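For reference, the chains in residue letters:
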Amino acid sequence: MQTVVVGTSGTTADDVIAVARHGARIELSAEAVAALAAARGIVDALAAKPEPVYGVSTGFGALATRHISPELRAQLQRNIVRSHAAGMGPRVEREVVRALMFLRLKTVCSGRTGVRPEVAQTMADVLNAGITPVVHEYGSLGCSGDLAPLSHCALALMGEGDAEGPDGSVRPAGELLAEHGIAPVELREKEGLALLNGTDGMLGMLVMALADLDRLYKSADITAALTLEALLGTEKVLAPELHAIRPHPGQGAAAANMLAVLEGSGLTGHFQEEEAPRVQDAYSVRCAPQVAGAGRDTMAHARLVADRELASAIDNPVVLPGGTSQDGVSGGGRVESNGNFHGAPVAYVLDFLAIAAADLGSIAERRTDRLLDKNRSHGLPPFLADDAGVDSGLMIAQYTQAALVSELKRLAVPASADSIPSSAMQEDHVSMGWSAARKLRTAVDNLTRVIAVELYAATRAIELRRHLTPAPASRAAIEALRAAGVEGPGPDRFLAPDLAAADTFVRDGQLVAAVEKVTGPLA
């Protein structure tokens, strides 16, 4: 099993995926343990002074004006976790919670939060034991970070609330901790606040969405190339010199992918042999690289934001060495209030990706519709039916695809354009980044299905061109799809199982893997 070592300088997207999706074990580096101890020393020193320090000896948010006496501070930290664990709605996915907890641990280990080493070790132990706190869909405004989701995770560290065990059953968190020999944490000054004040949920979902979209954009290049073949279109529009004069990197990569898939095709270039020769292909075919390329470039910007966030230490207040704090305390270290918890940078790119996903789904649906329309499919039977009239073919498969695309367009409405004030107007502008992340997950899920429907239609259409030979990469895709249980042309049958199998074929990366055996790695 892979082991991920958490240090003081952030983490990587690959490490997030390894922990969230593949159950990688976590270890704390010696450097991180030393940084944790040093930062805790600063907090302890400030806690012993009579001057109030936000998050250490005061209340929180709109209640920050109250100075909390030493005997109440442990209760204060417990109370903020309990009161903020106020989520509602269905549970979010296990991988989201694991990413959330791992990314919070990443910030804790930076030495900027004042959390004791034993609390960080407990976080790692819970993840390593496969214990997943129950986190609910609703409760985060994306500022001060993902408060309610993180609070439910912190509650489990205290041995309270519910969690899912490694066997998938939901039980009291205290029971699961005891079974694995993990002692519940007893929170001290600042620790409760430090465990729940970050952008970790939205960032984890961004990282996983980028991994999924990387596969889906390659899949969409493949299905676009298959559709171009099935429609007897021309690959000349994919020539590198055409894309070099408009040098968007994503566009060039998409065109190169399509060209690689089409190499050796016996179907392309027949568009001028028809009774009414085409001068050029429709936009949904000809402009496929431009649309997919713009989405790729959007992903590149989103990765830049994600990488910066993965290198960040997000907390409020933060522990800094030396100087004099905003509270007038001088000495060996200070605790400073800040606004780094605001989720705007992450929220914006989450919404941007949802827009790109909607457009990629939209152009794929238009290509599918063209395959099914006898007036625009250049010799294919209506709806790719075996006996049109008696058979309906893929008529309603396109309905399903259209419904998914319509939903994608609704999901493209940006969450980050909204803000709703909270905490007695102290937190009067919020990012809604968690909401942006949740709807992007749905968008990615639906986009997978949209591409699967185009794949189903395009492979069927190619097989109906029996007198022409598809490209080797196309044949490899078709053969792998059929081996996966997705049937080819023939009389009407129950379509839902075929569509579900095509969905799995795309979702699991089997489509890309089958094609890359012929083409080599796609961009």
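Here the structure is shown first, and the text comes after it.
Along the protein, the regular secondary structure elements total 19 helices and nine strands. The principal-axis extents of the C-alpha atoms in the protein amount to approximately 90 × 50 × 40 Å. A buried classification covers 57% of the 523 residues belonging to the protein. For the protein, the share of sequence-separated contacts (at least 6 apart) that also reach a separation of at least 24 residues comes to 77%.

Moving on, we get to the packing of helix α13 (residues 288-310) against helix α14 (residues 344-372). Between α13 and α14, whose axes approach to 9 Å, the crossing angle comes to 160°. Judged on the interaxial angle alone, α14 and α13 are roughly antiparallel. Between α13 and α14 lies a crossing of left-handed hand. Contacts between α13 and α14 pair Ala288, Val291, Ala292, Gly295, Thr298, Met299, His301, Ala302, Val305 and Glu309 from the former with Pro345, Val346, Val349, Phe352, Leu353, Ala356, Asp359, Leu360, Ile363 and Arg367 from the latter.

For the rest of this paragraph, the subject is the nonpolar core. Formed by 154 residues in total, the largest nonpolar core has its most connected members in Leu105 and Leu206. Excluding residues that lie within four positions of it along the chain, Leu206 makes contacts with Ala302, Ala306, Val346, Val349, Leu350 and Leu353. Of all hydrophobic cores here, the second largest spans nine residues; its members include Ile42, Val43, Val53 and Val335.

On to the environment of Leu157, then. Relative to the helices and strands, Leu157 resides in helix α6 (residues 147-157). Taking C-alpha positions, Leu157 is 8.6 Å from Ala183, a pair spaced 26 residues apart along the chain. In this view, Leu157 contacts Thr122, Met123, Val126, Leu177, Pro184, Val185 and Leu195; residues no more than four positions away in its chain are not counted.

Our focus in this paragraph is helix α4 (residues 94-108). For α4, built from 15 residues, the straight-helix expectation of 21 Å at 1.5 Å per residue is met to within 8% by its first-to-last C-alpha distance of 21 Å. For α4, a buried count of 14 out of 15 residues is recorded, marking the element as mostly surrounded by other parts of the structure.

Strand order across the open sheet formed by three strands is β4-β6-β7, with antiparallel pairing between neighbours. Bordering the open sheet on either side are β4 (132-133) and β7 (170-172), each of which pairs with just one other strand. Where strand β6 (residues 162-164) and β7 come together, three bridges link them in antiparallel fashion. Note on β7: the bridge partner recorded for Asp162 is Pro172.

Moving on, we get to the pattern of salt bridges. Throughout the structure, instances matching the rule amount to 38 salt bridges. Through salt bridges with shared partners, one network takes in Arg21, Glu93, Glu95, Glu137, Asp212, Arg215, Arg438 and Arg441.

Right, let's get into the side chain of Glu189. Take Glu189: it is sitting in the loop between α7 (173-179) and α8 (191-194). Here Glu189 falls in the buried class, since its relative accessible area comes to 15%. Ignoring sequence-local partners within four residues, the contact set of Glu189 consists of Arg40, Val43, Ala47, Val56, Arg73 and Gln77.

So, on to the environment of Thr368. Examined against the element boundaries, Thr368 turns out to sit in helix α14. Once the C-alpha coordinates of Thr368 and Ser284 are considered, the two residues, 84 residues apart in sequence, prove to be 9.6 Å apart. Ignoring any residue separated from it by four or fewer positions in sequence, one finds Thr368 in contact with Gln401, Val453, Glu454 and Ala457. A polar contact is formed between the side chain of Thr368 and the side chain of Gln401, at a distance of 3.0 Å.

Here the focus is the environment of Ala24. Relative to the elements of secondary structure, Ala24 occurs in the loop between α1 (13-22) and β2 (25-28). In the structure, Ala24 is positioned 21 residues away from Thr3 in sequence and 5.5 Å away in space, judged by C-alpha atoms.

Let us look at the packing of helix α11 (residues 249-262) against α13. Interaxial distance between α11 and α13 falls to 7 Å at its minimum, and their mutual angle equals 130°. The angle between α11 and α13 falls in the class oblique. As α11 packs across α13, the resulting crossing turns out to be right-handed. The segment α11 lies against α13, with Pro249, Gly250, Gln251, Ala253, Ala254, Ala255, Asn257 and Met258 engaging Ala288, Pro289, Gln290, Ala292, Gly293, Arg296 and Asp297. In terms of residue class, the contact of α11 with α13 is made up of eight nonpolar, five polar and two charged.

Now for helix α15 (residues 395-411). Between its first and last C-alpha atoms α15 spans 25 Å; for 17 residues at 1.5 Å apiece the expected length is 24 Å, and the two agree. If you follow the buried residues of α15, they end up packed against α14, α16 (433-464) and α18 (496-507).

The next thing to look at is the pairing of strand β1 (residues 3-6). Regular strands have side chains that alternate between both faces of the sheet. Burial along β1 is one-sided: Val4 and Val6 are buried, while Thr3 and Val5, pointing the other way, are not. Of the strand pairs in this sheet, β1 and β2 are connected by four bridges, and their pairing is parallel. When the bridges of β2 are listed, Thr3 appears paired with Arg25. Once you follow β1 into α1 and on to β2, the crossover reads as right-handed.

Okay, unusual backbone geometry next. With an omega of 0°, the peptide bond between Asn316 and Pro317 qualifies as cis. Within the secondary structure, Pro317 is located in the loop between α13 and β8 (318-321). Its identity as a non-glycine residue notwithstanding, Leu232 has a phi of 60°, on the positive side. Located in the positive-phi region is His378, a residue other than glycine, with phi close to 60°. Within the secondary structure layout, His378 lies in the loop between α14 and α15. Residue His378 is classed as partly exposed on the basis of its relative accessible area, which comes to 23%.

Cut-offs and rules
Residues numbered from 1 in each chain as written. Predicted model: local features only at pLDDT ≥ 70, side-chain atom pairs only at ≥ 80, totals over all residues. Heavy atoms only, no water. Helix = DSSP H or I, 4+ residues; strand = E, 2+ residues; numbered from the N terminus. Buried < 20%, exposed > 50% of the residue type's maximum accessible area, 1.4 Å probe, protein only. Contact = heavy atoms within 4.5 Å. Axes fitted to C-alpha atoms, helices over the stretch in contact; angles between N-to-C directions. Parallel < 35°, antiparallel > 145°, perpendicular 65-115°, else oblique. Left-handed = near helix turned anticlockwise from the far one by under 90°. Core = buried A, V, L, I, M, F, W, Y, C linked by side-chain atoms within 4.5 Å. Expected span 1.5 Å × (residues − 1). Pairing = 2+ DSSP bridges. Salt bridge = Lys/Arg side-chain N within 4 Å of Asp/Glu carboxyl O. Polar contact = N/O pair within 3.5 Å; in protein donor to acceptor, adjacent residues only side chain to side chain. Nonpolar A, V, L, I, M, F, W, Y, C, P; charged D, E, K, R; others polar. Right-handed = clockwise from strand over helix to strand, strands pointing away.

The analysis is restricted to geometry; functional conclusions fall outside its scope.
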